[in-house]
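# Overview (structure and organization)
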Amino acid sequence: ADILARMEVRVDERRFAVRLVATSRTEFESSRLGLVVLHQPELAGADLVIGTPEGEVRRTVFPVDIAPHQPAKDIRTLAWSHDGVATEVRFEGDVFEMEDQRNWTDASYKTYSTPLSRPFPVTIAAGAVIEQSAAFTARRVGPPASGASSDDPVVVELLPTHRRVPDVTLGASTVPDAEWVQHPLPAGVAAVLVELDARTPSWRAALERARREAGVLPLDVRITAADPADVRAVVEGAAAAGPVARLGVFAARGHVTEEPLWRALADAASRAVPHAELVGGARSHFTELNRRHGELPAELPGLAFSLTPQMHATERAQLTESIPIQAAVVRNALRIAAGRPLHVGPITLRSRFNTVATDGSGEDADRGLADGYGAHLVEGATDGRQASEAVRAWTVASFAAICTAAIEGGEVAGVDYFETFGPRGIRGIHGPFPVAEAIASIASIRGRDLLAPEGALPDGVHLVAAIDPDGSWRAFVANLSERTTTLVLRRDDRDHEVTVAPYRVEALERAAMNT
């Protein structure tokens, strides 16, 4: 594409208007081109009035549960009220519709142009002009919500939940052999998760190296396949390699567990690794689990899905705003699981593979790992911030959000993060990244009883805490805000103060009262 675009923004007391005029200087194939409006997730449950291009009026609400399909279609105008302000937006230049971007852990509902029901991609001719506009009007209809704040420390009481802290696992490294270095894993890590594409000749080499990375730990083997015979081969290979804690299978094209592949997995596992836990679901985003869970084999004993905060954008706000949405996603996944154990992950900063690719499967990969495999071969899969101190805080915050959802109902059995080694991992050639300390922290409370924070945490502050059998307890507080924050953690009528700088983590550990 080669596009010359102009944006015009006009603002007065009650109107905010955006106009796009884009001219294509070459012919190219396009799936979507135009304006997007993002609506904040706090609108969940708010009344929504839709005006269609034909002049019809439809009434609905912004979804509370994460909507698997478009909650609003055929849009010319939208109207809603929030925080004492009534807003209307009018679109021109195309037909718009809305999707619930919380499916991808974005903190938004998204209204976009060109309905997905239309065939795509389409050819944009050289010289074609795309013109669109979105004009907002607003009026005060009630008092705003109270925004009272205080510089006093926030008091949070830690209460028992009788729910266990999920297991923490790490993904196998996908770097080339020449770059790979084996290192001991943090204490408390439960397993190493390896994703094996049965269509590629390199899966055996990937399995063998993951086995070395895991050491005495078991493997969690997730299989991507198109042919049930390939599933059996991978299961038998995994069984021969060493201890296997878990097996899962997903279709190469649809990314979810399909019946023929599931039957092959269950049959092979019953003979080769009868004690391994079996899971299915989606190897991609919660989106696919949300949309297609009714098609999954009914006898799946556990569910799994992956998570990345950067499907649609990459700025810092995209990562930090995803944390509370991760809790919402897990709550919805637990609802779908209906009492079955849920495994969240792999969780990675960037996408491990292109979930919307229409061609290419990696079937011509080499038998070895000279070029790496999996995420290493995916353009854009590496985020330079992986080695930053802030990702340590982000990881603790992510785990805290997932545990919060588990406290509210359902079993989150395990959470998988990043890779053992490399630019998408917890350490590099020169030593561990700060995120390695985050993994060590959350893995140290694996299997303990969760403590629930009672009281509203400040925006951007996230907490996970657990109690040991002897009554001692540990808490990890992550601050993803721009301000230093002080909390008072109250446990057994005793107060414990902790101050956390922006994008940092602080740990608090206390012995039992009688020691």
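None of these values were measured; they are calculated from a predicted model. (Residues numbered from 1 in each chain as written. Predicted model: local features only at pLDDT ≥ 70, side-chain atom pairs only at ≥ 80, totals over all residues. Heavy atoms only, no water.)

### Brief notes about the overall build of the protein
What counts here: The numbering of helices and of strands both runs from the N terminus, where a helix is a DSSP run of H or I of at least 4 residues and a strand a run of E of at least 2. Throughout, the radius of gyration refers to the C-alpha atoms, and the reference size of a globule is 2.2 Å times the residue count to the power 0.38. Relative accessibility thresholds used throughout: buried, under 20% of the residue-type maximum; exposed, over 50%; partly exposed, between the two (1.4 Å probe, protein chains only). Whether two residues touch is decided by their heavy atoms; if any such pair falls within 4.5 Å, the residues are in contact. Neither His nor the chain ends contribute to the count of charged residues, in which Lys and Arg are positive and Asp and Glu negative. In plain terms, the charge of a residue is placed at NZ if it is Lys, CZ if Arg, CG if Asp and CD if Glu.
Scanning the protein from terminus to terminus reveals seven helices and 30 strands. Expected size for 515 residues packed as a compact globule is a radius of gyration near 24 Å; at 24 Å, the protein falls within 12% of this value. C-alpha atoms of the protein, sized along the principal axes, occupy 65 × 60 × 45 Å. Residue burial in the protein is summarised as follows: out of 515 residues, 52% are buried. Long-range pairs, those at least 24 residues apart, make up 69% of the contacts in the protein with a sequence separation of at least 6. For the protein, the distance from the average position of its 53 positive side-chain charges to the average position of its 69 negative side-chain charges is 1 Å.

### Focus on the environment of Ser306
Heads up, the condition is: Here a polar contact means two N or O atoms within 3.5 Å. Within protein one must be a hydrogen donor candidate and the other an acceptor candidate, and residues neighboring in sequence count only if both atoms are side-chain atoms.
In this structure, Ser306 sits in strand 20 (residues 303–307). In this view, Ser306 contacts Ala282, Arg283, Ser284, His285, Phe286, Gly345, Pro346 and Arg352; residues no more than four positions away in its chain are not counted. There is a polar contact of 2.9 Å between the side chain of Ser306 and the backbone oxygen of Arg283.

### Thoughts on the sheet that holds strand 2 (residues 15–24)
Rules: Pairing between two strands is assigned when DSSP locates at least 2 bridges connecting them. Axes, fitted as lines to C-alpha atoms, cover a helix only where it is in contact. Angles between the N-to-C directions of the axes lie from 0 to 180 degrees.
Across the sheet, seven strands lie side by side as 1-2-13-9-8-5-6; this open sheet has antiparallel pairing. Single-partner strands in this sheet number two, and they are strand 1 (3–11) and strand 6 (57–61). Ignoring which end each strand starts from, the neighbouring axes of this sheet average 15 degrees apart. One ladder, built from nine bridges, connects strand 1 with strand 2; its direction is antiparallel.

### Some remarks on unusual backbone geometry
A cis amide bond, omega 0 degrees, links Phe120 with the succeeding residue Pro121. Secondary-structure assignment places Pro121 in the loop between strand 11 (109–113) and strand 12 (122–124). The omega torsion across Gly345 and Pro346 is 5 degrees, close enough to zero to call that bond cis. Here Pro346 shows up in strand 21 (residues 342–347). Phi angles above zero are rare outside glycine, and Asp83 is one such case at about 55 degrees. Within the secondary structure, Asp83 sits in the loop between strand 8 (77–82) and strand 9 (85–92). One non-glycine residue, Ala338, lies in positive phi territory at about 50 degrees. Mapped onto the fold, Ala338 is located in the loop between helix 5 (316–337) and strand 21.

### Describing the side chain of Arg199
Of note, Arg199 is situated in the loop between strand 16 (192–197) and helix 1 (203–214). Side chain to side chain, Arg199 and Asp197 meet in a polar contact 2.7 Å long.

### Considerations on the packing of aromatic side chains
Aromatic ring pairs are reported here in terms of the distance separating the ring centres and the angle at which the planes meet. Quick reminder of the rule: To pair, rings of Phe, Tyr and Trp, with the six-membered ring standing in for Trp, must have centres within 6.5 Å; the planes then decide the type, stacked if under 30 degrees apart, edge-to-face if over 60, and tilted in the middle. Whether a charge sits over a ring comes down to the Lys NZ or Arg CZ being within 6 Å of the ring centre and within 35 degrees of the ring normal.
Counted according to the given criterion, the structure contains six aromatic pairs. Measuring from ring centre to ring centre gives 5.1 Å for Phe62 and Tyr109, while their planes differ by 50 degrees; the resulting arrangement is tilted. Of the two residues, Phe62 sits in the loop between strand 6 and strand 7 (72–75) while Tyr109 sits in strand 11, which places them 47 residues apart along the sequence. Accessibility assignment for this pair places Phe62 and Tyr109 in one class, buried. Above the ring of Phe353, the side-chain terminus of Arg283 is found at 3.8 Å from the ring centroid. A cation sits over an aromatic face here: Arg316 above Tyr503, 4.4 Å from the ring centre.

### A word on a nonpolar patch on the surface
Selection criterion: Exposure above 30% relative accessible area and the absence of a salt bridge qualify a residue for a patch, where like charges join within 9 Å and nonpolar side chains (Val, Leu, Ile, Met, Phe, Trp, Tyr) within 5 Å. Per-residue and other accessible areas were derived by the Shrake-Rupley procedure at a 1.4 Å probe size, with only the shown protein chains allowed to occlude residues. Within this document, salt bridges are pairs made up of a side-chain nitrogen of Lys or Arg and a carboxyl oxygen of Asp or Glu, the two lying within 4 Å of each other.
Taken together, the side chains of Val9, Val11 and Phe16 present a nonpolar region at the surface, about 280 Å² in accessible area. Relative to the elements of secondary structure, Val9 occurs in strand 1.

### Overview of the nonpolar core
The condition is simple: Nine residue types can take part in a nonpolar core, namely buried Ala, Val, Leu, Ile, Met, Phe, Trp, Tyr and Cys, and a core is a set of them joined through side-chain atoms within 4.5 Å.
In this structure, Val221, Ile223, Leu247 and Phe305 are the most contacted members of the largest nonpolar core, which totals 95 residues. Those residues in contact with Ile223 that sit more than four places away from it in its chain are Leu196, Ala198, Val231, Val234, Val235, Gly248, Val249, Phe250 and Leu265.

### Considering the sheet that holds strand 22 (residues 412–419)
Sheet architecture is closed into a barrel: eight strands sit in the order 15-16-17-18-19-20-21-22, paired in parallel fashion. The mean inter-strand angle of the sheet, taken between neighbouring strand axes irrespective of direction, is 30 degrees. The sheet contact formed by strand 17 (residues 219–225) and strand 18 (residues 244–251) spans seven bridges and is parallel. Counterpart to Asp220 in the pairing with strand 18 is Arg246. Together, strand 20, strand 21 and strand 22 form the strand contacts of helix 5, whose direction differs from that of strand 20 by roughly 160 degrees. In the packing of helix 6 (residues 389–408) onto the sheet, the strands contacted are strand 15 (167–171), strand 21 and strand 22, and the crossing angle to strand 22 comes to about 165 degrees.

### Points about a negative patch on the surface
Together, Glu42, Glu315, Glu321 and Asp459 make up a negatively charged patch on the protein surface. Mapped onto the secondary structure, Glu42 falls in the loop between strand 4 (36–39) and strand 5 (47–51). Classification of Glu42 by relative accessible area gives exposed; the value is 53%.

### Observations regarding helix 3 (residues 259–272)
Each α-helix winds once per 3.6 residues, and so residues spaced three or four apart point in a common direction. The following threshold applies: To estimate how far a helix should extend, the number of its residues minus one is multiplied by 1.5 Å. The arc in question is the one spanned by the directions pointing from the helix axis to the C-beta atoms.
Helix length check: helix 3 (14 residues) gives 20 Å between terminal C-alpha atoms against 20 Å at 1.5 Å per residue, within 8%. Within helix 3, the full set of buried residues consists of Leu261, Trp262, Ala264, Leu265, Ala268 and Ala269. In an axial view of helix 3, the angular spread of the buried residues amounts to 160 degrees, which keeps them on one side of the axis. Considering only its buried residues, helix 3 is in contact with strand 17, helix 2 (228–241), strand 18 and strand 19 (277–281).

### Considering the environment of Ala252
Within the secondary structure, Ala252 sits in the loop between strand 18 and helix 3. Given a relative accessible area of 9%, Ala252 falls into the buried group. Ignoring any residue separated from it by four or fewer positions in sequence, one finds Ala252 in contact with Arg199, Thr224, Ala225, Ala226 and Arg283.

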